[in-house]
Structure formats: C-alpha cells, structure tokens
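Structural overview for review
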Amino acid sequence: MKKSKKLFTGIVAAAGAATLACAVGGTAALLPMREVIALTSSGVASSKNIGDLLVSGYDSTAGKVFNGESLSLLYDSILGVTGTGTYKKVEAAVQSGNITGTDLYSRNGNKDIVLTFGGKKWTITNVSKATNNTVAVTLWLAENTTTKYQWGATGVNVSSNNSSVAYPSNMYSSSMVRVKTLNAGGDTGTTAYGSGGSTAYTANNTAVGASVSQADRISNEWANFTLSSNLVGGASLTNYITTPQYITYQQDQNWVNQYFGPGNPYIIPNEAWGIPEPSTGAPGGPSRSNRWYNSGGVNTNYSASEAGALNKTGYDQWKYDYVWLPSLSETGYYNASNNYATGEWGATSTQRQASDISWLRSGADSNTRIL
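Model, not experiment: these values are computed from the prediction.

Describing the overall build of the protein
On a plain count of helices and strands, the protein comes out with 10 helices and 15 strands. Counting the 371 residues in the protein, one finds 55% classified as buried. Counting only contacts in the protein whose residues sit at least 6 apart along the sequence, the fraction spanning at least 24 positions is 68%. When the accessible surface of the protein is split by element, carbon and sulfur atoms take 47% of a total near 14000 Å².

Right, dumping it as structure tokens:
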C-alpha cells in the first residue's frame, strides 16, 4: 500500500456510550469526568481481532508503514470474504452505499471487528466513500482510557441557558475537550482559535483565552494522530487519516431523521458541520419537520449555514480534526429495551455497550447546556 493512500477517516477517540445525552448542571468543575470508550472488555475479547495495522517501528522504517497481512485481513473482514479482499474491491463496494457496523458484524460470524492502530485498540463502525476519493473506515476507541476527561474549563458556566454568549457552553469547537484533550488545530493551530502552532479554547463563554502551547501539543497523547511529520517526525499518522470535511454523513446529519422514539426532537448542535439534511423523520418512525430550537430567546443553531443561524465563531472548525468526539446521530441511541435510533454508523449493541459514561460532541437540542 502506498504511503499516499488514505484509508481511515478521522479517528474517533473520545467515543461515547449511546445512551448518553443528558443535560448536566453546575459549573464545569462539577462535571463528571468521563471515559472515552466504546466496547466493554468482554466485548473486545469476543470480537474478531485482526491485529496491528502498522509494522513495528513504522516511524523509523523507510517506505514501509502498514502490515500487509493485517491489511489483507482488514479487506477480507470488510467484504466478508476469505483471502480475496483488496482495496479496489472495498472501493467498489462502497460506491453503492455505506457498510455499517451491523453489516460488518453479520459478515464476520456475528463478531465486531477490532484492530490496533497507532498503539490503540479500535472497533470499526462504518466504511464509506469519502468525497476526496478515498475509502473512509471509521474507528471507535475500544478500550478504557487511563484518564477521565472534562468537557470545558472551570470558568465555563454550563448551568446558564444563554445562546447570546460568544461561546455557548455546549459548543463543541470551542470546548477544552476538543482543543486541549484531543489536540485539535493542526500544525498551525488556526482551526482551533490559535496561531503559530498554539491553540485556544473558551474559559468563560465570552472569549477563547485559555491557550495550549505548541510544545504541549507536541507532547499530547494524540500528537501522532493530529500533527504532521514536520512536528512529530515519522511517527505522524495524519497522511492516513481523512477528516470530517470529506465525510458526507458528517456534513448533513440530522437527529430528527435518526430518532424514531416518542416526542418531537430538534436538530442537535455540533452534529453536522454543514446544513443538516431536510427534516422528515426516521424510516419507520413518525413524520417530523422540526428544525432548530428557537424559542424564549434560546437558539441552538450556532452555525452560519441557514437563515436565523447565530454564526458563532469557529462553530464548524471541528470538520478539520483528525480526532473527534462522535455524535448521537452517529452512535445511535439505545435505552433499556428500546432501540430509539440505529444511527448513521449502524453500530452493534456490543459496540455501544461501554462500561462507563463517556462524551459525545452532541449538545442539547433545546438549551445551551452541555448535553
């Protein structure tokens, strides 16, 4: 496989349990610290493990990055074949539509697919055609992290239901978890409110004043996934990761069309980086036409893409990220015995069975609190 070939979509690091979509009160200092996992440990153990996609020492091995055997097994697993899978065949298969996590499960003996990439274990949730003419394999972190993370800085007021502030508390792009934890911003930092290699996030809802230095970004846990070889040398994986700007379902996803449970949902902020698709209602569910919530002085449309939108600075900048939190529309929503949303990914029940609560980028659909 040539080094220029991009196979992976933006690696989903801080993946969340599908049931998490609740409002959290108080200040950010009181927010629960959350895991960043998908599968439980038993789920990982029962999955089909295709091994490490990278060769040992890839960062110092000239010209060779990918493990050929693991890559062939990946192609086989995506297609549900043995010994005949190729990149070209996978490329042809996604021309007619996305391959979901459920499709992959049924093609592999009722097992989820797990692999290692960049020293971390992941599960495959979706395979799709990207608009930059690559095949995008979406990965969700499959094992517990050693640290739990906070959404915003201590000064961010998550109990105030106020959309008139410059940076609402549940806007993902300006959050600490995106900018600092997941190392957003690229080499220059310009897609995360920064410049000269440093980035910034909001610490008080009114400005982006909390900065992350270039040195701290280079030493970040996700540096190899988010920074080029100019900063981290041969360890960089950015040549093999496609960002959300090239993923159609991330451009226009709409929770109104995913949720087929009771009630009348609105579009959820932070889910689509572009204009959400028309609101019609989920297949098999009630017909719905709700758009963004805009009532009582609260407007959750922070984008610049539709009439009446608030045009919050940098709202869609996460589309340039290599590592990102998933959305509720992507993961789907299962509560007790009710599967309220299959989700864009079509993730399996075991993929959504995390052992702790974890973050999504989705905001509340009718207030400006965190989730």
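Topic: the nonpolar core
If you look at the biggest cluster of nonpolar residues, it comprises 50 residues, and the most contacted ones within it are Leu-115, Phe-117, Ile-124 and Val-127. Within the residue set of this core, elements represented by two or more residues are helix H2 (68-79), helix H3 (87-93), strand S5 (113-117), strand S6 (120-129), strand S7 (135-141) and strand S13 (323-324). The element that contributes the greatest number of residues to this core is S7, accounting for six residues. Those residues within four positions of Val-127 in sequence are excluded, and the remaining contacts are Ile-78, Val-90, Val-94, Asn-98, Ile-99, Leu-104, Val-135, Ala-136 and Val-137. Of all hydrophobic cores here, the second largest spans 10 residues; its members include Ala-153, Ala-184, Ala-210 and Val-212.

Things to note about the side chain of Ser-236
Tracing the backbone through its elements, the reader meets Ser-236 in the loop between helix H8 (229-232) and strand S10 (241-242). Those residues in contact with Ser-236 that sit more than four places away from it in its chain are Tyr-58, Asn-224, Leu-227, Ser-228 and Ser-229.

A short note on the packing of aromatic side chains
In the structure shown here, the tally under the stated rule is 15 aromatic pairs. Geometrically, the ring pair formed by Trp-151 and Tyr-172 is tilted, given 6.1 Å between the ring centres and 50 degrees between the ring planes. Remark: Tyr-172 occurs in the loop between S7 and helix H5 (176-181) and Trp-151 occurs in the loop between S7 and H5; sequence separation between them is 21 residues. Judged by its relative accessible area of 1%, Trp-151 falls in the buried class. Through successive ring pairs, a cluster of aromatic residues spans Phe-117, Trp-122, Trp-222 and Phe-225. Here Lys-120 stacks its cationic end above the ring of Trp-222, 4.5 Å away from the centre of that ring. Directly above the ring of Trp-318 sits Arg-361, whose terminal nitrogen or CZ lies 4.1 Å from the centroid.

A few points about the pattern of salt bridges
On inspection of all chains with the given rule, the structure shows six salt bridges. For the salt bridge of Lys-88 with Glu-91, the shortest nitrogen-to-oxygen distance reads 3.6 Å. With Lys-88 and Glu-91 both in helix H3 and three residues apart, this pair spans about one turn of that helix. For Glu-221, the salt bridge identified is with Lys-120, shortest N-O distance 2.6 Å. Here Glu-221 is found in the loop between helix H6 (214-218) and helix H7 (223-226), whereas its partner Lys-120 is found in strand S6, with 101 residues between them in sequence. Taking the relative accessible area as the measure of exposure, Glu-221 reaches 43% and is therefore partly exposed.

About the thresholds
- Residues numbered from 1 in each chain as written.
- Predicted model: local features only at pLDDT ≥ 70, side-chain atom pairs only at ≥ 80, totals over all residues.
- Heavy atoms only, no water.
- Helix = DSSP H or I, 4+ residues; strand = E, 2+ residues; numbered from the N terminus.
- Buried < 20%, exposed > 50% of the residue type's maximum accessible area, 1.4 Å probe, protein only.
- Contact = heavy atoms within 4.5 Å.
- Areas by Shrake-Rupley, 256 points an atom, 1.4 Å probe, with all protein chains shown as cover.
- Core = buried A, V, L, I, M, F, W, Y, C linked by side-chain atoms within 4.5 Å.
- Phe/Tyr/Trp six-rings, centres within 6.5 Å; stacked < 30°, edge-to-face > 60°.
- Lys NZ or Arg CZ within 6 Å of the ring centre and 35° of its normal.
- Salt bridge = Lys/Arg side-chain N within 4 Å of Asp/Glu carboxyl O.

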